[in-house]
Amino acid sequence: MSEKTVGEKLKEELFLKRENGLKNISDEKWEKIIAFCEGYKDFLAVAKTEREAVKTSIEIAEKAGFLPYDSNKKYVAGDRYYVNNRGKAVAFVVVGKHSAKEGVQITAAHIDSPRMDLKQNPLYEEGDLALFKTHYYGGIKKYQWTTIPLALHGVFAKRDGSVVEVNIGEDEADPCFVVTDLLPHLAQEQSKRTLAEGIKGEELNILIGSRPFKDDKASELVKLNILKILNEKYGVTEADFLSAELEVVPAVKPRDVGLDRSLIGAYGHDDRVCAYPALIAIAETECPEKTAVCILADKEETGSDGNTGLNSDFLRFVVRDLAKGEGADYTVALRNSKCLSADVNAGLDPTFKDVMEARNAAKLNFGAVITKYTGARGKSGTSDASAEYVAYVRNMLDKAGIIWQTGELGKVDLGGGGTVAMYIANMGVDVIDLGVPVLSMHAPFEIVSKLDVYETYRAMVEFQK
Ligand code: MN
Ligand code: MN
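Residues numbered from 1 in each chain as written. Chains lettered and ligands numbered in written order. Predicted model: local features only at pLDDT ≥ 70, side-chain atom pairs only at ≥ 80, totals over all residues. Heavy atoms only, no water.

Within the chain one finds 10 helices and 23 strands. The C-alpha atoms of the chain give a radius of gyration of 24 Å, which matches the 23 Å a tight globule of 465 residues would have. Considered along the principal axes of its C-alpha atoms, the chain spans approximately 90 × 60 × 45 Å. Sequence separation of at least 24 residues holds for 75% of the intrachain contacts in the chain that already meet a minimum separation of 6. Working note: accessible area of the chain is about 22600 Å², and carbon and sulfur atoms make up 52% of it. When the 59 positive and 71 negative side-chain charges of the chain are each reduced to one mean point, those points stand 2 Å apart. (Helix = DSSP H or I, 4+ residues; strand = E, 2+ residues; numbered from the N terminus. Rg over C-alpha atoms; globule rule 2.2 N^0.38 Å. Contact = heavy atoms within 4.5 Å. Areas by Shrake-Rupley, 256 points an atom, 1.4 Å probe, with all protein chains shown as cover. Lys, Arg positive; Asp, Glu negative; His and termini not counted. Charge placed at Lys NZ, Arg CZ, Asp CG, Glu CD.)

This next bit is on the nonpolar core. Among the nonpolar cores identified, the biggest contains 58 residues, and Phe92 and Leu397 are the most heavily contacted of them. Per-element tally for this core: the top contributor is helix α5 (residues 269-284), with 9 residues. Not counting residues up to four positions away in its chain, the partners in contact with Phe92 are Ser57, Ile58, Ala61, Phe66, Tyr81, Tyr82, Leu279, Ile282, Ala292, Val293, Cys294 and Leu296. Ranked by size, the runner-up nonpolar core spans 32 residues in total, among them Leu150, Val166, Val179 and Leu246. (Core = buried A, V, L, I, M, F, W, Y, C linked by side-chain atoms within 4.5 Å. Buried < 20%, exposed > 50% of the residue type's maximum accessible area, 1.4 Å probe, protein only.)

On to the coordination of the manganese ion (ligand 2), then. Bound to the manganese ion (ligand 2) are the protein donor atoms Asp270 (OD), Glu301 (OE), Glu301 (OE) and His442 (NE2), situated 2.0 to 2.6 Å from the metal. As a motif over one chain, the donors of the manganese ion (ligand 2) read D-x30-E-x140-H. If you look at the manganese ion (ligand 2) and the manganese ion (ligand 1), they sit 3.3 Å from each other and are both ligated by Asp270. With Asp270 in helix α5 and Glu301 in the loop between β14 (292-297) and α6 (314-325), this residue pair connects regions lying 31 residues apart in the sequence. (Donors = N, O, S within 2.8 Å, 3.2 Å for Na, K, Ca; no water.)

Attention now goes to the layout of surface pockets. There is about 1100 Å³ of room inside the largest pocket. Lining the largest pocket are 36 residues, and of these Ala346, Leu409, Ser440, Met441 and His442 lie nearest its centre. Listing elements by their share of the lining of the largest pocket, those giving two or more residues are β16 (345-346) and β20 (416-417). Looking at side-chain class alone, the lining of the largest pocket contains 13 nonpolar, 15 polar and 8 charged residues. The residues that make up the lining of the largest pocket include at least three from each of domain 1 (16-113 + 267-464) and domain 2 (115-250). (1 Å grid on protein atoms, 1.4 Å probe; cavity = no way out; pocket = protein on both sides within 12 Å on 5 of 7 lines; lining within 4 Å. Points joined across faces, edges and corners; volume = space filled by probe spheres on them. Nonpolar A, V, L, I, M, F, W, Y, C, P; charged D, E, K, R; others polar. Domains from an automatic or database assignment.)

Turning to helix α3 (residues 50-63), a few remarks are in order. With 14 residues, α3 extends 20 Å between its outermost C-alpha atoms, agreeing within 8% with the 20 Å of an ideal straight helix rising 1.5 Å per residue. All buried positions along α3 are accounted for by Glu50, Glu52, Ala53, Val54, Thr56, Ser57, Ile58 and Ala61. (Expected span 1.5 Å × (residues − 1).)

Here we take up the packing of α5 against helix α10 (residues 450-463). It is at 8 Å that the axes of α5 and α10 come closest, and there the two elements cross at 40 degrees. One way to sum up the angle between α5 and α10 is to call them oblique. The element α5 and its partner α10 pack so that their crossing is right-handed. The segment α5 lies against α10, with Val273, Cys274, Pro277, Ala278, Ile280, Ala281 and Glu284 engaging Val453, Thr456, Tyr457, Met460 and Val461. Residues that form the contact of α5 with α10 fall into these classes: 10 nonpolar, 1 polar and 1 charged. (Axes fitted to C-alpha atoms, helices over the stretch in contact; angles between N-to-C directions. Parallel < 35°, antiparallel > 145°, perpendicular 65-115°, else oblique. Left-handed = near helix turned anticlockwise from the far one by under 90°.)

When its domains are assigned, the chain resolves into domain 1 (16-113 + 267-464) and domain 2 (115-250). Counting residues at the interface gives 18 residues for domain 1, matched by 17 residues for domain 2. Carbon and sulfur atoms make up 46% of the surface buried where domain 1 meets domain 2, a total of about 1400 Å² over both sides. Where domain 1 packs against domain 2, one counts 5 salt bridges. The residue Lys88 makes a salt bridge to Glu245 at a minimum N-O spacing of 3.0 Å. Put simply, domain 1 and domain 2 have 10 residue pairs in polar contact (both at pLDDT 80 or more) between them. Of the residues contributing to the side of domain 1 that touches domain 2, the split by class is 3 nonpolar, 4 polar and 11 charged. (Buried area = accessible area lost by both parts, 1.4 Å probe. Salt bridge = Lys/Arg side-chain N within 4 Å of Asp/Glu carboxyl O. Polar contact = N/O pair within 3.5 Å; in protein donor to acceptor, adjacent residues only side chain to side chain.)

In structure tokens form, the structure reads like this:
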């Protein structure tokens, strides 16, 4: 090899280095990545709704020794517990060696994903077919949700207080459901609509059956037959839809994407691709210096409002209970706390690179992406992490040899988006977004890179040591 020139040496010293993390990866590390991602794929396959994600996360945490929070118990360093918020959000805590007054290390991700919810009065019959009316949840491109197999997940809560779980369409032997679309032959008028209007909200109707109940007199016999099936299976009547939460999600399983198997395609990467690494990291945390908190929240896709979202007092009260246990002021604890708001960012898509500013866009396989601020246009609606806090995170990642990059969500004037970071920042906590770059975000089948998932997990482990 020839000697480096002065210029080359100086460049090495002065330039910011970012490179594809897979370029010089060892076989040993690649195997670790694969193993971790297989666990992630298993999690994704069974945790398609916020309720299922909470249930599955608690199962994983209980195996790692977490118990439900007990307000009468005096917790000491190394103790681990969880707080289940209505089965839709959950906080995991591992008590650290230092007092809560010195701050806690929080990871926060969300476990709700864009989807279609059934309306309260969803079932109807028209043209001898039975259908469900839906109300979409979160930001979706509606046309993407037609003509793909769909599954129905959720609960019926009955008047007697019992709750029946529903999960139809995931098993190969199950039937699935579908939103129909117009044939191209008759789509002359539809084709003139804008892409956003190509399929309208009221056209997202789910086809659920076509076979009439055998009777000569009664009307709406297809609907009747569907209700009969539901009644036999779940003991419900049409009125029980009024107190149900039924979510329609793509009936697709997580799969490797690409001949080199470097990518994962699945529904709901946003934001389980950050929730799972955060969960596994805290489950593996033994006795950290500062108390570790991992919060998996609901409602991010609709703005974080509501009692299971992060714009509620849920996290505040978890920290308050922690501080109270040692007679400390929780406001002091919050002020000294640090948080990785773990959420996805947009990855650079070569087909649509015009929406990105390449120097500040995240790329797949370049590692966990740090996002100092989000917001729209002039940074409206964002927490902007302080330079000091970015320096802290940068130092932590570099010292541990974690592959990472920075990324903005698209060009300045184009659009933008938000995460839970600002709600946690508003409590006085230092917060920055760290997560995984995604292609086709909010689509029924989103894409991430395995390396990025693994580096995000490593960042969480480092943060809560
Ligand atoms: Mn998200
Ligand atoms: Mn999202």
